[in-house]
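# Close look at the chain arrangement
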Amino acid sequence: MQSILSVQNLSKVYPGGFHALKSINLDIYHGEIFALLGPNGAGKTTLISIICGIVNPGEGKVVAGGFDIVKDFRSARQLIGLVPQELSVPIFETVWDTVKFSRGLSGKPLDAAYLEQLLRDLSLWDKRHSKIMTLSGGMKRRVLIAKALAHQPRILFLDEPTAGVDVELRRDMWQMIRGLRDNGVTIILTTHYIDEAEEMADRIGVINKGQLILVEEKVSLMKKLGKKQLTLQLAQRLSEIPASLAEYPLSLSSNGEQLIYTYDEQNEKVKITDLLRRLADLQIEFRDLNTSQSSLEDIFVSLVEGK
Amino acid sequence: MNFYAIKAIYLFEMARTWRTLMQSIASPVLSTSLYFIVFGSAIGSRMAEIDGISYGAYIIPGLIMLTVLTESTSNASFGIYMPKFSGTIYEILSAPISAAEIVIGYVGAAASKSIVLGLIILITATFFVDFSIQHPFWMLAFLVLTSISFSLLGFIIGVWAQSFEQLQIVPLMIIAPLAFLGGSFYSIHMLPPLWQTITLFNPVVYLVSGFRWSFYGVSDVQVGISLGMIGIFILICLAIIAWMFKTGYKLKV
Ligand SMILES: Nc1ncnc2c1ncn2[C@@H]1O[C@H](COP(=O)(O)OP(=O)(O)OP(=O)(O)O)[C@@H](O)[C@H]1O
Ligand SMILES: [Mg+2]
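Bear in mind that the values here come from a model prediction, so they are computed numbers and not experimental data.

### Describing the sheet that holds strand β11 (residues 227-234) of chain A
Residue and element names in this part refer to chain A. Taking strand neighbours across the sheet as the criterion, the four strands line up as β12-β13-β11-β14 in an open arrangement whose pairing is antiparallel. Each edge of the open sheet is held by one strand with a lone partner, namely β12 (250-252) and β14 (286-293). In this sheet, neighbouring strand axes are inclined to one another by 20 degrees on average, regardless of whether the strands run parallel or antiparallel. Alignment of β11 against strand β13 (residues 258-264), held across seven bridges, turns out to be antiparallel. From the neighbouring strand, Q229 faces β13, where its bridge partner is T262.

Right, here's the structure in full:
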């Protein structure tokens, strides 16, 4: 696939000696939604800030849309929009003025029709003449999004766009982000809500302590690392797992009422039927059964803790 | 050149001026009027002429400079400090604009405001004192150059400052005393010889002297030297600002 953003061997040492990024290599594909996950202090904001020009880069280089972000900063930055993590808004300005200001900064002439549509899409049109300090937190967040989109960027960074946003608004935002993607905008978002990444992302990257520890297609990540569990509610308690079933990765709940079989979806499908047949042979009966799949959250936790 | 960006920053800063019209225009005009009443009319009428000029008229250029210097510094410093303080500076730093364009936007707006302010005070002065301007072109030139140079200084202070106290301390503790001691209210020839020499290290002396020359054709130091000093001052400020952006000093880590 075609890469629109390429991060090569990027490192960052903050003054004071803290190693915030350690040789990051990352390619973002054209038109995808990429979710960057990682615990607090992992380096997500640092990475985004370097790409956008807010933090000085250390070693390494970044190329956006074919332009080096340092040497060709004008062309690179025209392609990029940023919604920062902090709610930093000019509180004395009106919504309309600040969106116009953002458009101007990018070096593009005013396009009132586009800006109107943008504010309408973000349900801010009615508030266009309001001073930003009179808006709610969720509205301020949308003002930030409007500012980031005012110059029609091709790459959009969303640093925790849904932090402190209510459920309904989150849905709306997801909808909007998908809409942008459908219009060919490449999206890189960070989030602490794993369900958000699970819902939205095409690919997922996990960063921890300044190192990118994994980049995967979401679907294949869930397949590869996603463990499935089959839980059997036994008709009669077992005191221990019969020796003849030792070859299966089985465990018994402490009260002896549940037999749990953990398997990887892709290569062990056949074995389930085997297992069930063996249980029947042993006359172990069960009242009920259910399967569950580990969520991205479990995967994420096990990855971060494993390192 | 990204002219749209320069215009956006310039208009943003000018809009701030309109929002705070009372504090940015009315209050300096009021305080200068008080100076005119006290020094120009009340005390001035009992003072001897200096260099053949009535005291009331003599202090006009100095009073304008006093306001232009302090206002340029505090305006320009506030203009860049605010986005740093509120965090909105991210947008300036991540926009496709060069350091030069940022500086033209912010410093241009602060300087414009000072120039307007200087002219307003000049007009105010006509209500209190009789005077004429011998070299209007040079008067304007000195006003513009001074506004630009001290707005550049203000920009540096705004980038440097980490708190509101630091932001105010330079205009208050350095610029205002220098302006007072820089010959706004007297000719430096009236000082004892030792102080005359010390005063020559005060950059404001050159500004006030040159500016007064443009009004009345008399000066404490040669006009050419005044212009040269302003030029050097602007160059030093530009060099510091260039260094700040190159290293990201207090702007980027
Ligand atoms: N200006 C700075 N000076 C020194 N260290 C910094 C600076 N900014 C960030 N750091 C450190 O760099 C590390 C990464 O910070 P960063 O903000 O990138 O994390 P993050 O992944 O975005 O975290 P969060 O999920 O909390 O937003 C942290 O340990 C942080 O303390
Ligand atoms: Mg962060």
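### Structural notes on the site of ligand 1
Residues in contact with ligand 1 amount to 15 residues; listed here are only the nearest, N40(A), K44(A), T45(A), T46(A) and H192(A). Nearby residues place ligand 1 at the junction of chains A and B. At 2.5 Å from an oxygen atom of ligand 1 is found a side-chain nitrogen or oxygen belonging to T46(A). Starting from 630 Å² of accessible surface for ligand 1 in isolation, the protein chains cover 67%. If one sorts the elements of the shell around ligand 1 by residue count, helix α1 (residues 44-52) of chain A sits on top with three residues.

### A short note on the coordination of the magnesium ion (ligand 2)
All names here are of chain A. Coordination sphere of the magnesium ion (ligand 2), protein contribution only: T45 (OG1) and Q85 (OE1), at 1.8 to 2.2 Å. Of this pair, T45 sits in helix α1 while Q85 is found in the loop between β6 (80-83) and α3 (95-105), placing the two residues 40 residues apart along the sequence. On the basis of relative accessible area, T45 is assigned to the partly exposed category, the value being 30%.

### What to know about the interface of chain A and chain B
Taken together, the 30 residues of chain A in the interface contact 24 residues of chain B. When the buried surface of chain A facing chain B is broken down by residue, R74(A), F101(A) and L105(A) rank first, second and third, together holding 27% of it. Counting across the chain A and chain B interface gives three salt bridges. Put simply, E101(B) and R74(A) hold a salt bridge, and the shortest N to O gap is 2.9 Å. The interface formed by chain A and chain B holds twelve residue pairs in polar contact (both at pLDDT 80 or more) in total. Of all the secondary-structure elements, those providing two or more residues to the side of chain A that touches chain B are α2 (73-79), α3 and α5 (137-149) of chain A.

### Some remarks on the sheet that holds strand β8 (residues 186-190) of chain A
Residues and elements named next belong to chain A. Here we have six strands laid out as an open sheet, ordered β6-β7-β8-β3-β9-β10, and mixed in their pairing. Of all strands in the sheet, those with a lone pairing partner are β6 and β10 (211-217), marking the two edges. Looking at each pair of strands side by side, their axes are set apart by 15 degrees on average, direction ignored. In this sheet, β8 lies alongside strand β7 (residues 155-159) in parallel orientation, the contact comprising five bridges. Within β8, the position partnered with I155 by the bridge is T186. Of the strands in this sheet, β6 and β7 are in contact with α5, which crosses β6 at around 170 degrees. Helix α6 (residues 167-182) rests against β3 (33-37), β7 and β8 of the sheet, and its axis sits at about 150 degrees to β8.

### Let's talk about the side chain of S106(A)
Position of S106(A) relative to the elements: it lies in the loop between α3 and α4 (112-121). Leaving out residues up to four positions away in the same chain, S106(A) has contacts with Q78(A), H151(A), N2(B) and P96(B).

### Observations regarding the packing of α3(A) against α5(A)
All names here are of chain A. At a minimum axis separation of 8 Å, α3 and α5 run at an interaxial angle of 30 degrees. By the angle class used here, α3 and α5 are roughly parallel. Here the hand of the crossing between α3 and α5 comes out right-handed. Where α3 approaches α5, its residues V95, T98, V99, F101 and S102 are matched on the opposing element by V143, A146 and K147.

Parameters at a glance
- Residues numbered from 1 in each chain as written.
- Chains lettered and ligands numbered in written order.
- Predicted model: local features only at pLDDT ≥ 70, side-chain atom pairs only at ≥ 80, totals over all residues.
- Heavy atoms only, no water.
- Pairing = 2+ DSSP bridges.
- Helix = DSSP H or I, 4+ residues; strand = E, 2+ residues; numbered from the N terminus.
- Axes fitted to C-alpha atoms, helices over the stretch in contact; angles between N-to-C directions.
- Near = heavy atom within 4 Å.
- Polar contact = N/O pair within 3.5 Å; in protein donor to acceptor, adjacent residues only side chain to side chain.
- Areas by Shrake-Rupley, 256 points an atom, 1.4 Å probe, with all protein chains shown as cover.
- Donors = N, O, S within 2.8 Å, 3.2 Å for Na, K, Ca; no water.
- Buried < 20%, exposed > 50% of the residue type's maximum accessible area, 1.4 Å probe, protein only.
- Contact = heavy atoms within 4.5 Å.
- Buried area = accessible area lost by both parts, 1.4 Å probe.
- Salt bridge = Lys/Arg side-chain N within 4 Å of Asp/Glu carboxyl O.
- Parallel < 35°, antiparallel > 145°, perpendicular 65-115°, else oblique.
- Left-handed = near helix turned anticlockwise from the far one by under 90°.

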